[in-house]
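# Analysis of the macromolecular model
Okay, here's what each chain looks like letter by letter:
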Amino acid sequence: MAADLESEVQAIDKSLLECSAEEIAVKWLQANDLQKEVYQHLAYYVPKIYCRGPNPAPQREDMLAQHVLLGPMEWYLCGEDPAFGFPKLEQANKPSHLCGRVFKVGEPTYSCRDCAVDPTCVLCMECFLGSIHREHRYRMTTSGGGGFCDCGDTEAWKEGPYCQKHELNTSETAEEEDPLVHLPEDMVARAYNIFAITFKYAVDILTWEKENELPGLEMIEKSDTYYCMLFNDEVHTYEQVIYTLQKAVNCTQKEAIGFATTVDRDGRRSVRYGDFQYCDQAKSVIVRNTSRQTKPLKVQVMHSSIVAHQSFGLKLLTWLGSVIGYSDGLRRILCQVGLQEGPDGENSSLVDKLMLYDSKLWKGARNVYHQLFMSSLLMDLKYKKLFAIRFARNYERLQSDFMKDDHDREFSIADLSIQIFTVPSLMGWYNMCINPYFLKKARMLITEENLMTTIIKTFMDHLRHRDIQGRFQFERYTALQAFKFRRVQSLILDLKYVLISKPTEWSDDLRRKFLEGFDAFLELLKCMQGMDPITRQVGQHIEMEPEWEAAFTLQMKLTLVISMMQDWCALDEKVLIEAYKKCLTVLMQCHSGFTDGEQPIVLSMCGHSVETIRYCVSQEKVSIHLPVSRLLAGLHVLLSKTEVAYKFPELLPLSELSPPMLIEHPLRCLVLCAQVHAGMWRRNGFSLVNQIYYYHNVKCRREMFDKDIVMLQDVVQQNNTLIEEMLYLIIMIVGERFSPGIGQVNTTDEIKREIIHQLSIRPMAHSELVKALPEDENRETGMESVIEEVACFKKPGLTGRGLYELKPECAKNFNLYFYHFSRAEQSKAEEAQRKLKRQNREDTALPPPALPPFCPLFASLVNILQSDVMLCIMGTILQWAVEHNGYAWSESMLQRVLHLIGMALQEEKQHLENLSEENVVTFTFTQKISKPGEAPSNSPSILAMLETLQNAPHLEVHKDMIRWILKTFNTIKKLRESSSSSPVAETEGNIMEESSRDKDKAERKRKAEIARLRREKIMAQMSEMQRHFINENKELFQQTLEELDTSASGVHENSPVILDAKLTALGPEQTRVAEPRQVVMCILCQEEQEVKVDSRAMVLAAFIQRSTVLSKNRNKITPDPEKYDPLFMHPDLSCGTHTGSCGHIMHAHCWQRYFDAVQAKEQRRQQRLRVHTSYDVENGEFLCPLCECLSNTVIPLLPPPRVLFNRLDFSGQPNLTQWIKTLSQQVQAIQLLRNEHCASHSGHSEKMDQLQLPEGFRPDFKLKNPYSESIKEMLTTFGTATYKVGLKVHPNEEDPRVPIMCWGSCAYTIQTIERILADEDKPLFGHLPCRQDDCLMSLTRFAAAHWTVSSLSAVQGHFCTLLASLVPNEKNGNLPCILDIDMFHLLVSLVLSFPAIHCQDFSGVSLGTGDLHLFHLVTMAHIIQILLTSSTEENGMDQENTNSEEEVAVLTLYKFLCQCTGSALKEISSGWHLWRNLKAGIMPFLRCSALFFHYLNGVPAPSEIQVNGANQFEHLCSYLSLPNNLTCLFQENGEILNTLIESWCSNSEVKRYLEGKRHAISYARESNKLIDLPDDYSCLINQASNFSCPKSGGDKSRAPTLCLVCGTMLCSQSYCCQTELEGEDVGACTAHTYTCGSGVGIFLRVRECQVLFLAGKTKGCFYPPPYLDDYGETDQGLRRGNPLHLCKERFKKIQKLWQQHSITEEIGHAQEANQTLVGIDWQHL
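Residues numbered from 1 in each chain as written. Predicted model: local features only at pLDDT ≥ 70, side-chain atom pairs only at ≥ 80, totals over all residues. Heavy atoms only, no water.

Below, the discussion takes up the overall build of the chain. The secondary structure content of the chain amounts to 62 helices and 25 strands. For the chain, the computed accessible surface area is about 77,900 Å², with 50% contributed by carbon and sulfur atoms. (Helix = DSSP H or I, 4+ residues; strand = E, 2+ residues; numbered from the N terminus. Areas by Shrake-Rupley, 256 points an atom, 1.4 Å probe, with all protein chains shown as cover.)

Next comes the structure, spelled out in structure tokens:
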């Protein structure tokens, strides 16, 4: 059936391609009824092109649609071939000064913090880079998709509205002309016709609700095919949809994932194709399976023709959007067509129809028509205004639809409010419209359309849940109500957009409509006044925490709106007065029953009485939510700030204000806070604690706590805490004057003060400071403008953040009782400031700072400090402190009183200093505190009590403050006397002050002397005790001294420093060094033990991992591990095995017990929790018991192994030629014996007799293993672990590849260490950390000893094959050529397998001789390798001495190579270039060899190569028994070497390379580094925004992730790019790690600006990115939006982690520190 369908489709395609677009267009031009002709054409052809089978074919459909459907429309529109017509239109079109680029998801956007009218005004990257804003303070974010660039929009920018590209020419600045004048008249008519028909067709078909017929389209051949169409929703998860589809349409999981991905991306997808019954069956299964817990998935069975027409309808809208891009005139015509009212009257235009049908459309359709609106209506300034009016009229309906819609706001038409409500001219105040008609239209939004009132009423309509008093009630909120509440909050955002641009001119209409909106806003606040009231819980703790978050969320969202309302009111005096009156009226209504039936009572104190209301907060209901009271407080401050209170007092109802009524509720709120701090409300649970926290928090305090203080400033019992809180409240009421309008300050003073007090706690990062400061509607704190005045910036290091520190001169402005401090912050600030003063050797008093004067309206507030009641309170508390045993007072109380006295003295001092001649100082605090109390009490004066307390021993901490008060008192006294005409004796106060100071000095001196004597006495006692102990234990002491001497001399003897001797690492001349005793301690049992061959094994915790850090070919396909032979490592080092260790030592048996316990614990834990841990026990992983470093095996510690196998050298040592000849005979004998043994077990002895064995060679000899059973077991354990991890196979200790993997790991680990040292320009020896040094020593010794537990014949076989690659024999064929072998791996394998041959050689040749000859042989092979692959260019840089011995010799060798290769090598005449190239190429090999032989033979490194200096090459050659002129090796052994070189060069692969048919690695290999990253992070964001998911047909990736190792961009964390790996579905990043990094990966999540480390499928962590802002901070998640630049030091740190193979270790530490990381499904990233 599928084949038939395919052939039918092909036949149709052929007939369709024969259609002529030009002929159809000519036919349309002659038609009388164009709509009928077009509709007939579409009715016939659309079903033939679209939806011809079960699977969509977008490329075929688009091609045919363009040819048959869109082509005729373009011909008709242009009146000629569109290939010529459209370019003509574009040429005639006047280029727009608006950019209008529509942002893609994730694209970088920029907003200038200095010039943008509001934060929604943004630029695309291209416009930003060409604008003046690049040099300003800007914010960088990523777009969610859908918005557009505001470049060229003069209403969006205070300055610099144009970039260089869109800058207007002077001739174009004239009044805007009608764009239709650029179009021919006949084209205008044709455009109207075709746009009207196509737009109507698209709108009708998209809003069509019948599933089985079409609007005005008669189907000629009605087929009986249907689609089961599945629609997206935001309720069901991916997993639910995938599971349901598998059951409903019987598809595979992969197919179901594909369906689910498309549904999520496009909003709908057909999941079945066939007849009606077949599709309906799938629909019923889907509905049944998804309707159990929630509403079912939306599924429709739709006729294929309807789906076809809808698909073309979307294509048509996209086409319209592209066509109008050619001409502004076409754009204008489309706008007119779209907004033209239809026959049905209101809301019958095509644009209205689409808008009102929005919530019923699927996601893909919404996106298409939203894009069209943005490229047409919003890009034409005239029609933007008309569209805004339509939008405002339908606002309530659109929002109601959005509430019911389950799609996110970004997919709703309601989201366009940000494009409309933020444009000032649309909001009705800028006189920038084209003519009076449009001016009138533009003002309609706020005036005639009454937008503010509409938004607020719509908002309130959706919050219908009220209590009896009409207040909002959020109790017992269901999930559905909570969902609706989240939706409703978007309306507040719209209100913010409306208010964001403030008017510069007010009309009467605007005043009237704004005040109507203000009335509606007061109604909203009235519903919030007193909501969520609470009553103190007594006796039993509250059972269920009440709902409190919704009310605070509402308060937080409205905070900015309330502030913006006040800002608007401040701009017009009439509006401010009316708003104040209205707010007062509403507050009266709220408080009509505020006395709660209580009668007023009269309180008396100090001869004063006041009438108030009795209200017990601890018994009655009290609410934190008082927005109306707080709005009135804000408006009252504005009356002072704008001086309206002084200009028009007669218009204000100030005389009607009732102080008790105004302060009652704010006071209740503050008393509630005091009682909570006193612990009286503990039984009310955490909900109340959280409410009090947010009441003071920066997010809410501006319109809550701050305004309550203002209200108490406007007007102005149970335990110690309440008294302290009352005193604190008075400090705040009198001292908080840094709000403009209350004190004579400006906004910058307020911000400075906030910053000073935040930095008084501790130095802070920029982001911490920003969080601690309130933001305005533009998300600005104003910090940048003042921070330099009060703080110094300290740059960050490799870790941490840049910090701001308070300038020392600003410390004098510190106020201990700053009202925005929390309790903890106040305590920390006090401690920090006292500590600072002690460091500066100052007294530790923290006096109140000098304050700015109050504004006239608030000036009388200072009199609280000198009021009789206040003086009485001060005197009483000081009296309690003097008689401290008699009363329950606290030091906090006294501290607050001293602070208040200090404030009063500062106030009086300022009054006197600013005194003018005509003024009289009415503030006489000093006089009042000097008077004693009146009879009958006759209490002493406050001043006298302070003098008494100055010397009170129990008040040591307050002495400095009291001293400061007395000093200030005397200063004021002098000021008063100097301003007074009569002389007054001034000695008394001075004498009193001086005498008190002398007394204090003497007291301090006496105490210091006592302390000194005490110290001396204690030291003398200790000295005496030491002498006594030594006398009693003379013998023990003497013995210890002797041991110390002997151990010191022993160390000296065994010290690896041998003076005046040449150190040689290998060969017969190897320097003999006595190995010191190696005594180590087990970290588990703490026992010490010496490392010996026959003792119990000691082991190092180690971690083995596959590695591609050195790889030069990451694309190499991994062969089947079961069949792969790893004997030869390719020079591309595509994948190696790295071993690392933390260096901690254990007994083997202790470790085994520990590991068994870990396994048992893990099994129990898995049964209980079933989650991953940071280590995988099944793979042998564990954490080091001491440092918790991830490990997966242990390395045995061994004494030097070569000493065990070396014999006496009793014969002359052969040269290389003789040695190779003898060795070849031995190898031949071994191979013959092995072949014979394999063929038959019989006749073995006969064959041996016939063999001519080399002298002293005994192949039947079996060496006895010298190691203890414990060590042998550990040798096998580590060898098997290396084999298992390195090859990714199951452990098998019998496999002959085990020793190969051990040698390979040793070689690869040495190579990585050498590269790290070279990259960091460190010497080869002396700079390795202990853990790496111990690891290399143990690993090398282990690799050298492992052959003793392997099959001897297998190791001998490996040696024979390895040797055959250099010394060919007829037995070994198909070996890799010299170009395809890594020579260091070959050297290590040859040297470490050679003892298996040498142990049977009794001829007297030493093992060292073999090592030396093998090393020389491999070195010569490497030299040939370098010369063959050398790409030396003769560049004329020859040195003067061009004929040195080395240069002549290397040139001779090169010429010989040319002969051997048949002149295929490039001719080089410069020996200097060759020698230089050879030295550079062989240096890494020599360095690795030096490390290898150093750890193998234990010969210390010469001092010359322990530092970086000249002649490193010569020193290395000396240490390695090599001649400085390496070519001497060839001359000394010329006879055999010529034969070998010829055999190496004759290999077919070498010839292919020289002919240019294949690639080879050249030397020295460059070190691998992570990719280069751009300096500016926005370049990466831009790159990521252009990245499309490779599997989703061009869809933008949601989480583009960059591999930092190879630079590949991946589509992470999505179903679309999941692949199967080892039988499990994994995400793109996890799959990539296995090809790029052998399971380990480093990625940068571009949208989140976050580095991701992955290791395997279950391990991962996030790591700080290398991008920092100007304040030295990272911005993970791009929340702050500051420009980010690459920090090279931090990037190097990440690179170093990678090069050192520490990524897995870093992940382990991160997961142990943060257990939430363990629960993340890393494999899905």
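Here the focus is the packing of aromatic side chains. The final tally for this structure, using the stated rule, is 41 aromatic pairs. Judged by centre distance (6.4 Å) and plane angle (45°), the rings of Phe814 and Phe821 are tilted. There is no split in this pair, since Phe814 and Phe821 are both buried. Between the aromatic rings of Phe818 and Tyr819, the centroid separation amounts to 5.9 Å while the plane-to-plane angle is 80°, which identifies the pairing as edge-to-face. Note on Phe818: relative accessible area 1%, which makes it buried. Across the ring face of Trp362, the terminal group of Arg268 is positioned such that the distance to the ring centre comes to 3.7 Å. In this structure, Lys298 packs its charged tip against the face of Phe231, placed 4.5 Å from the ring centre. (Phe/Tyr/Trp six-rings, centres within 6.5 Å; stacked < 30°, edge-to-face > 60°. Buried < 20%, exposed > 50% of the residue type's maximum accessible area, 1.4 Å probe, protein only. Lys NZ or Arg CZ within 6 Å of the ring centre and 35° of its normal.)

Turning our attention to the side chain of Glu830. With respect to the helices and strands, the residue Glu830 is situated in helix 34 (residues 823–839). With relative accessibility at 19%, the residue Glu830 sits in the buried group. For Glu830, the contacting residues outside a window of four places in its chain are Phe814, Leu816, Leu846 and Gln895. (Contact = heavy atoms within 4.5 Å.)

Let us now look at the pattern of salt bridges. A full pass over the atoms with the stated rule returns 45 salt bridges. Of the charged contacts in the structure, one is a salt bridge between Glu736 and Arg753, with a shortest N-O distance of 2.7 Å. With Glu736 in the loop between helix 30 (720–735) and helix 31 (747–761) and Arg753 in helix 31, the pair connects residues that are 17 residues apart, well separated along the chain. Of the two residues examined, Glu736 and Arg753, each falls in the buried class. With a closest N to O distance of 3.7 Å, Arg1096 and Glu1087 form a salt bridge. Residue Glu1087 is classed as partly exposed on the basis of its relative accessible area of 43%. In this structure, a network of salt bridges that share partners links the residues Asp509, Arg512, Lys513 and Glu516. (Salt bridge = Lys/Arg side-chain N within 4 Å of Asp/Glu carboxyl O.)

Before going further, it helps to examine helix 57 (residues 1534–1545). Between its terminal C-alpha atoms helix 57 stretches 16 Å, which fits the 16 Å expected from twelve residues at 1.5 Å a residue. Every buried residue of helix 57 is accounted for by Gly1534, Ile1536, Leu1537, Leu1540, Ile1541, Trp1544 and Cys1545. What you see down the axis of helix 57 is that its buried residues fit within an arc of 160°, all on one side. (Expected span 1.5 Å × (residues − 1). Arc of directions from axis to C-beta.)

Time to look at unusual backbone geometry. Geometrically, the link from Tyr1563 to Ala1564 is a cis peptide bond, its omega value of -5° lying close to zero. Take Ala1564: it is sitting in the loop between helix 58 (1548–1554) and helix 59 (1577–1585). Although it is not a glycine, Asn250 adopts a positive phi angle of roughly 55°. Relative to the helices and strands, Asn250 is located in the loop between helix 8 (238–248) and helix 9 (253–266). Phi is positive for Leu1133, close to 45°, though the residue is something other than glycine. Inspection of the secondary structure assignment puts Leu1133 in the loop between strand 12 (1098–1107) and strand 13 (1136–1147). Judged by its relative accessible area of 3%, Leu1133 is buried.

A word on the packing of helix 12 (residues 328–339) against helix 15 (residues 381–393). Direction vectors running N to C along helix 12 and helix 15 enclose 20°, while the axes themselves pass 10 Å from each other. Classified by the angle between their axes, helix 12 and helix 15 sit roughly parallel to one another. Crossing hand, helix 12 versus helix 15: left-handed. For the pair formed by helix 12 and helix 15, the contact residues are Arg332, Cys335, Gln336 and Leu339 on the first element and Lys382, Tyr383, Leu386, Phe387 and Arg390 on the second. Its residues assigned to classes, the contact of helix 12 with helix 15 shows five nonpolar, one polar and three charged. (Axes fitted to C-alpha atoms, helices over the stretch in contact; angles between N-to-C directions. Parallel < 35°, antiparallel > 145°, perpendicular 65-115°, else oblique. Left-handed = near helix turned anticlockwise from the far one by under 90°. Nonpolar A, V, L, I, M, F, W, Y, C, P; charged D, E, K, R; others polar.)

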